[in-house]
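Residue-level structural notes
Letter by letter, the chains look like this.
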Protein chains: 2
Amino acid sequence: MTDDTWSPPHILLAVDLVILTLRETHLHVLLVERGIEPYRGCAALPGGFLHNDREGLLAAAHRELDEEADLDATQLHLEQLGTYGDANRDPRGRVVSVTYLAIAPRLPEPTAGTDAARAAWRPVDAIVSGELPLAFDHDVIIADGIERARSKLEHTPLATAFCEPVFTISDLQQVYEAVWGVDLDPRNFYRKVQKVPNFLLPVDAERRVTKGRPARLFTAGPATTLHPPIPRPDHTASRQGE
Amino acid sequence: MTDDTWSPPHILLAVDLVILTLRETHLHVLLVERGIEPYRGCAALPGGFLHNDREGLLAAAHRELDEEADLDATQLHLEQLGTYGDANRDPRGRVVSVTYLAIAPRLPEPTAGTDAARAAWRPVDAIVSGELPLAFDHDVIIADGIERARSKLEHTPLATAFCEPVFTISDLQQVYEAVWGVDLDPRNFYRKVQKVPNFLLPVDAERRVTKGRPARLFTAGPATTLHPPIPRPDHTASRQGE
DNA sequence: GAAATAGTGTCTTTGAGACAATATGCA
DNA sequence: TGCATATTGTCTCAAAGACACTATTTC
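Residues numbered from 1 in each chain as written. Chains lettered and ligands numbered in written order. Predicted model: local features only at pLDDT ≥ 70, side-chain atom pairs only at ≥ 80, totals over all residues. Heavy atoms only, no water.

As annotated in an unreviewed UniProt entry, chain A carries the name 8-oxo-dGTP diphosphatase and comes from Prauserella sediminis.

This is how it looks when you write it as structure tokens:
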């Protein structure tokens, strides 16, 4: 940064959270109902303004996660998604929002009696289709968050962050199918994820109640990137005509 | 965002740029010399504080690109890299910096007589190795920018942004080799990039002066993502020194 | 001619995807 | 038993990488 002269900035810095989870095989995002203008009564991402007392951005994200979603921030995958600062995105003035993407395992309804009482899980389908209008540019932020999650499923063990600490390969497949919005062959998926080194660690001699044959249980391994990756099925079949 | 009470924020918002280019087969980044404290005389990324008069973040990035690098912002690939807001990253107070990654073709030395007079291209090797100390956390920002560029080479036509409007496949290979820091087989590379639909468009019946056989010329095609990708060699193995 | 760079062919290994076949539980 | 889910096997095709070989220029 340089040493420009500048007028005293009247900029407010906010932190907003895109918290994704899986409910009933569908991807959901946590939204709150706004209590005041602008966009009063409208659905919006949980978030808030930065505390100026030397609070770091990531620390602020964790604080909002705790305050608004009543989620234990520890053990939750959290990463910076992007910063949104269009001049007119907030009618109150210049608000720049740093957004974070959080991935959570299956979770109960937000607890009443807390800041999170106004919060609820919403299926992302209703948002991307425009059925559920959102405050500010939060629809764009959510779309970016979903795309980020989709992309990271290919190369990172992010899918395990949607699962319980111990899970079956079928559980894992449901994550991929829900986030990507596709159907995958269970047999090929099974072999593929098992072949990636350090992706899944078998939990010795365990099983689980279901209808058919019991499934082996796994935990997330130490891998940070997947080699080879789990490729997302072709969503753009285009060919060159030379 | 919610409706928290908050103390009036004393936050300064800056925009910093990681401008990468290729010079003599090595990746370089544009750095300026700081004129005032803190870090006076130290190398730093070009950038500056946001003008508060409803200037968008991307617009601010373009403005700094023009002011400090004297580069024509049009035709330059520019994307948001990340936002850095650690509480103590700037001794003057709370400065949150939104960073952008810019990719430029081979460029001349920064023009004298402008804001860019203090600017110079520096090899990234000297920075990641710690030989050239940087102001603030700019070493981390540059490292993140390089990693972003490396990753995007695999799945996007970003490499063409390092090239002139018309280029040979050999030129393109040099980009991949410089950014990834590896050696690639020219014959496999040749076939591979040509096989990706809409990546390269042949320029009809052109050639270029060199020592050996003339090479065909290409321009960037309309592809936004590469199917199949150009895979980065296993970087757990060898790296090239020099 | 030799040297240098551009471009093609071919072989081997590996992974992706389709899908048959087998295993093991529950009603 | 029959059904449902889990797991294994096999086949085909495409892609990655190694590398011999041909093509076209300058010297």
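1. Focus: the overall build of chain A
Each helix and strand counted, chain A has five helices and nine strands in total. The helix and strand sequence of chain A, counted from the amino end, reads β-β-β-β-α-β-β-β-α-α-α-α-β-β. Residue pairs in contact within chain A that sit at least 24 positions apart in sequence constitute 66% of those at least 6 positions apart. Accessible surface computed for chain A: about 12,000 Å², of which carbon and sulfur atoms make up 51%. (Helix = DSSP H or I, 4+ residues; strand = E, 2+ residues; numbered from the N terminus. Contact = heavy atoms within 4.5 Å. Areas by Shrake-Rupley, 256 points an atom, 1.4 Å probe, with all protein chains shown as cover.)

2. Topic: the relation of the copies chain B and chain A
The two copies are related by a screw operation: chain B maps onto chain A through 180° of rotation and 0.0 Å of translation along the axis, at an RMSD of 0.1 Å. Each copy turns onto its partner about a two-fold axis. The overlap is high: 89% of the interface residues of chain B also sit at the interface in chain A, so the same surface is used on both sides. (Least-squares fit on C-alpha atoms with pLDDT ≥ 70 in both.)

3. Notes on the protein's contact with DNA strand C
Around DNA strand C sit 22 residues, and of these A:R187, A:N188, A:K192, A:R207 and B:R216 come closest. Contact between DNA strand C and B:Y190: a sugar or linking oxygen at 2.9 Å from a side-chain N or O atom of the residue. Those elements that provide at least two residues to the surface near DNA strand C are α5 (186-195) of chain A together with α5 (186-195) of chain B. Among the residues making up the surface near DNA strand C, the classes are represented as six nonpolar, four polar and twelve charged. (Near = heavy atom within 4 Å. Polar contact = N/O pair within 3.5 Å; in protein donor to acceptor, adjacent residues only side chain to side chain. Nonpolar A, V, L, I, M, F, W, Y, C, P; charged D, E, K, R; others polar.)

4. So, the protein's contact with DNA strand D
With respect to spatial proximity, 22 residues lie near DNA strand D, and among them A:Y190, B:R187, B:N188, B:K192 and B:R207 are the closest. Here the atoms of DNA strand D within 4 Å of the protein split so that 58% fall in sugar or phosphate, with bases taking the remainder. Between A:R216 and DNA strand D, the recorded distance is 2.8 Å, taken from a backbone N or O atom to a phosphate oxygen. Secondary structure elements with two or more residues in the surface near DNA strand D: α5 of chain A together with α5 of chain B.

5. Remarks on helix α1 (residues 57-69) of chain B
An α-helical segment advances 3.6 residues per turn. Residues three or four places apart therefore align on the same side. Compared with an ideal rise of 1.5 Å per residue, which puts 13 residues at 18 Å, α1(B) spans 17 Å between its outermost C-alpha atoms and is within 8% of the ideal. Trailing α1(B) by a residue or two, B:D70 shows a phi angle of about 55°, which is positive. (Expected span 1.5 Å × (residues − 1).)

6. Focus on the nonpolar core
In this structure, A:L13, A:I19, A:Y100, B:L13, B:I19 and B:Y100 are the most contacted members of the largest nonpolar core, which totals 48 residues. When residues no more than four places from it in sequence are discounted, the contact partners of A:Y100 are A:V15, A:D16, A:L17, A:V18, A:L57, A:L58, A:A61, A:L78, A:E79, A:Q80 and A:L81. (Core = buried A, V, L, I, M, F, W, Y, C linked by side-chain atoms within 4.5 Å. Buried < 20%, exposed > 50% of the residue type's maximum accessible area, 1.4 Å probe, protein only.)

7. As for the interface of chain B and chain A
If you look at the interface, chain B gives 56 residues, while chain A gives 55 residues. Together, the buried faces of chain B and chain A total about 4,300 Å²; carbon and sulfur atoms form 52% of this surface. The tally of links between chain B and chain A comes to zero salt bridges. One can count nine residue pairs in polar contact (both at pLDDT 80 or more) joining chain B with chain A. When residues of the side of chain B that touches chain A are traced back to their parent elements, those giving at least two are β1 (11-23), β4 (47-49), α1, β5 (77-84), β6 (94-103) and α3 (138-155) of chain B. Split into classes, the residues belonging to the side of chain B that touches chain A amount to 22 nonpolar, 19 polar and 15 charged. (Buried area = accessible area lost by both parts, 1.4 Å probe. Salt bridge = Lys/Arg side-chain N within 4 Å of Asp/Glu carboxyl O.)

8. A closer look at the environment of B:L158
Residue and element names in this part refer to chain B. For L158, the position within the fold is in the loop between α3 and α4 (169-180). Sequence separation between L158 and T225 is 67 residues; the distance between their C-alpha atoms is 9.3 Å. Residues contacting L158, with those up to four places away along its chain left out, are H77, I103, A149, K152 and L153.

9. A closer look at the packing of aromatic side chains
Using the criterion set out here, one finds six aromatic pairs over all chains in the structure. Between A:Y176 and A:W180, the aromatic rings sit 5.0 Å apart at their centres with planes inclined by 70°, giving edge-to-face as the arrangement. Within this pair, A:Y176 and its partner A:W180 are both found in helix α4 (residues 169-180), separated by four residues, close to a single helical turn. Here A:Y176 matches A:W180 in class, with each residue buried. Here B:Y176 and B:F189 contribute two aromatic rings whose centre-to-centre distance is 5.4 Å and whose plane-to-plane angle is 65°, an arrangement assigned as edge-to-face. One end of the pair, B:Y176, is in helix α4; the other, B:F189, is in helix α5, and 13 residues separate them in sequence. The residues B:Y176 and B:F189 share a single accessibility class, namely buried. What links up through ring pairs into an aromatic cluster is the set A:Y176, A:W180 and A:F189. (Phe/Tyr/Trp six-rings, centres within 6.5 Å; stacked < 30°, edge-to-face > 60°.)

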